[in-house]
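Inside the fold
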Amino acid sequence: MAITVQNYIKLANFYNEMAKVLSAICVEKGGIALENYVGRFFAADVLEYIVEYGNRLKKSGEGITKEVAGAMDLFEKQFEKVKSLVTPNQKPIHEMTLEEFEKIMNI
């Protein structure tokens, strides 16, 4: 995937939609807190990926608007809160191959 502002926006939109679905699942499962839902680990991994993608986008010098820069800052702040939930490994998830990810997750 080419590192572009458009792709970053797609990732951000995906995360926002996923957060809505996770909240709906928690409600359907009896109103459990999101902090107690097992899907929070996947959400943390996705957030880690988005933050790293944003960092690489900043380094690329791509034209980033104020709105996108604001979203990047917001995602970074959110990630700091859930950093301890990301998939534990020696290599960050955004650098893994699919095979490495499947092995870590026992898929």
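Located above this text is the structure these notes cover.
To keep things clear, this report deals only with the structure shown in the data block. (Residues numbered from 1 in each chain as written. Predicted model: local features only at pLDDT ≥ 70, side-chain atom pairs only at ≥ 80, totals over all residues. Heavy atoms only, no water.)

Another aspect to go through is the packing of aromatic side chains. Across all of its chains, the model carries 4 aromatic pairs by this definition. A centroid spacing of 6.3 Å and a plane angle of 35 degrees characterise the contact between Tyr49 and Tyr53, whose relative ring orientation is tilted. In this pair, Tyr49 and Tyr53 are both assigned in helix α2 (residues 40–60), 4 residues apart and thus about one turn of the helix distant. For Tyr53, a relative accessible area of 6% translates into the label buried. Here the aromatic residues Tyr8, Tyr15, Tyr49, Tyr53 and Phe75 are joined through ring pairs into a cluster of three or more. (Phe/Tyr/Trp six-rings, centres within 6.5 Å; stacked < 30°, edge-to-face > 60°. Helix = DSSP H or I, 4+ residues; strand = E, 2+ residues; numbered from the N terminus. Buried < 20%, exposed > 50% of the residue type's maximum accessible area, 1.4 Å probe, protein only.)

Before going further, it helps to spend a moment on helix α3 (residues 66–82). Under the 1.5 Å per step criterion, the end-to-end length of α3 is 25 Å for 17 residues, consistent within 8% with the ideal 24 Å. Those residues of α3 that fall on the buried side of the exposure criterion are Val68, Met72, Phe75 and Phe79. Viewed end-on, α3 has its buried residues packed into an arc of 70 degrees, placing them on one side of the element. Residues of α3 that are exposed and point more than 90 degrees away from the buried face comprise Lys66, Glu67, Lys77, Glu80 and Lys81. Contacts from the buried residues of α3 go to α1 (5–28) and α2. (Expected span 1.5 Å × (residues − 1). Arc of directions from axis to C-beta. Contact = heavy atoms within 4.5 Å.)

Moving on, we come to a nonpolar patch on the surface. On the surface, Ile104, Met105 and Ile107 cluster together into a nonpolar patch covering about 310 Å² of accessible area. Residue class for Met105 comes out partly exposed when judged on its relative accessible area of 39%. (Patch = residues over 30% accessible without salt bridge, like charges linked within 9 Å, V, L, I, M, F, W, Y side chains within 5 Å. Areas by Shrake-Rupley, 256 points an atom, 1.4 Å probe, with all protein chains shown as cover. Salt bridge = Lys/Arg side-chain N within 4 Å of Asp/Glu carboxyl O.)

Turning next to the side chain of Thr4. With respect to the secondary-structure elements, Thr4 resides in the segment before α1. Leaving out residues up to four positions away in the same chain, Thr4 has contacts with Tyr53, Leu57 and Glu62.

The next subject is the nonpolar core. When a protein is soluble and globular, its nonpolar side chains tend to lie buried together. Counting 22 residues, the largest nonpolar core has Tyr8, Tyr15, Met18, Ile50 and Phe75 as the members making the most contacts within it. Mapped by element, the contributors of at least two residues to this core are α1, α2 and α3. Residues in contact with Ile50, not counting those within four places in the same chain, are Tyr8, Leu11, Ala12, Tyr15 and Phe75. (Core = buried A, V, L, I, M, F, W, Y, C linked by side-chain atoms within 4.5 Å.)

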